[in-house]
Amino acid sequence: MKKLTILAAVSATPAFAASDYPFFSLRNTDFIVTLGFLVFVGILVYFRVPQLIGGLLDKRAASIRSDLEEAKRLREEAQEIYANYERRQREVKTQADEIVANARREATAQAEKAKADLARSIERRLQTAQDQIASAESDAVRAVRNRAVQTAIAAASGLLAKGASASDRSASIDRAIDEAAQRLH
């Protein structure tokens, strides 16, 4: 800093030509301004203002450096959290895809099972209906036979009661049997 003041004083040579008074005269304003400037710089140096300003700037630089380091740490932490989030998102998507696939498989299996159960149920109902029809048919055939037998017996007993001949009775019985057979079919 001292070198700077000496350099400023030496470089004031154009000030010699600026006034009518000699440079080192108290009447020369350039000399007074130079002298005031040198005193001001001397006071600043005496009270160590440049070192204080330098120290404040160093503290500010250290603060900025620590802020940058903190920002860097936070950025790395944010990147780590983001990577963790992306990994979790992929895992959740994979799990969701597996759940959907399992649900589809189960739905397909349930649908197939329901179809098979329905087919078995229909088959059982058809079989039951056929059994009922066969039973009703056999009951009807049995009822018709019983009625035919009763009719034949009634006809035979009527003929016997009239005292018809054996050949007439035999022909009547044959006719009754033929009628019953035609009615059955």
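The present account deals with the structure reproduced in this document. Please read these numbers as outputs of a predicted model, since none were measured by experiment. (Residues numbered from 1 in each chain as written. Predicted model: local features only at pLDDT ≥ 70, side-chain atom pairs only at ≥ 80, totals over all residues. Heavy atoms only, no water.)

What follows deals with the overall build of the protein chain. Scanning the protein chain for helices and strands turns up 4 helices and 0 strands. Secondary structure of the protein chain in N-to-C order comes out as α-α-α-α. With 185 residues in all, the protein chain has 9% of them scored as buried. Carbon and sulfur atoms make up 60% of the accessible area of the protein chain, which amounts to about 15700 Å² in all. (Helix = DSSP H or I, 4+ residues; strand = E, 2+ residues; numbered from the N terminus. Buried < 20%, exposed > 50% of the residue type's maximum accessible area, 1.4 Å probe, protein only. Areas by Shrake-Rupley, 256 points an atom, 1.4 Å probe, with all protein chains shown as cover.)

Throughout the structure, instances matching the rule amount to 2 aromatic pairs. A ring pair is formed by Phe23 and Phe31, whose centres lie 5.7 Å apart and whose planes are at 80°; its orientation type is edge-to-face. Each member of the pair Phe23 and Phe31 is classed as buried. (Phe/Tyr/Trp six-rings, centres within 6.5 Å; stacked < 30°, edge-to-face > 60°.)

A few words now on unusual backbone geometry. At Arg48, a residue that is not glycine, the phi angle is positive and equals roughly 55°. Note that Arg48 resides in the loop between α2 (29-46) and α3 (49-162).

Let's shift gears to the pattern of salt bridges. A side chain of one charge can pair with a side chain of the opposite charge if their charged atoms are brought near each other. Enumeration over the complete set of coordinates arrives at 6 salt bridges. Of the charged contacts, one joins Arg73 and Glu70 as a salt bridge, the two residues approaching to 2.4 Å between their closest N and O atoms. Pair noted here: Arg73 and Glu70 are both in helix α3, with a separation of 3 residues, about one helical turn. Look at Arg73 and you get partly exposed, because its relative accessible area is 40%. We note a salt bridge from Arg87 to Glu91, for which the minimum N-O separation is 4.0 Å. One end of the pair is Arg87 and the other is Glu91, both in helix α3 and 4 residues apart, which spans about a single turn. (Salt bridge = Lys/Arg side-chain N within 4 Å of Asp/Glu carboxyl O.)

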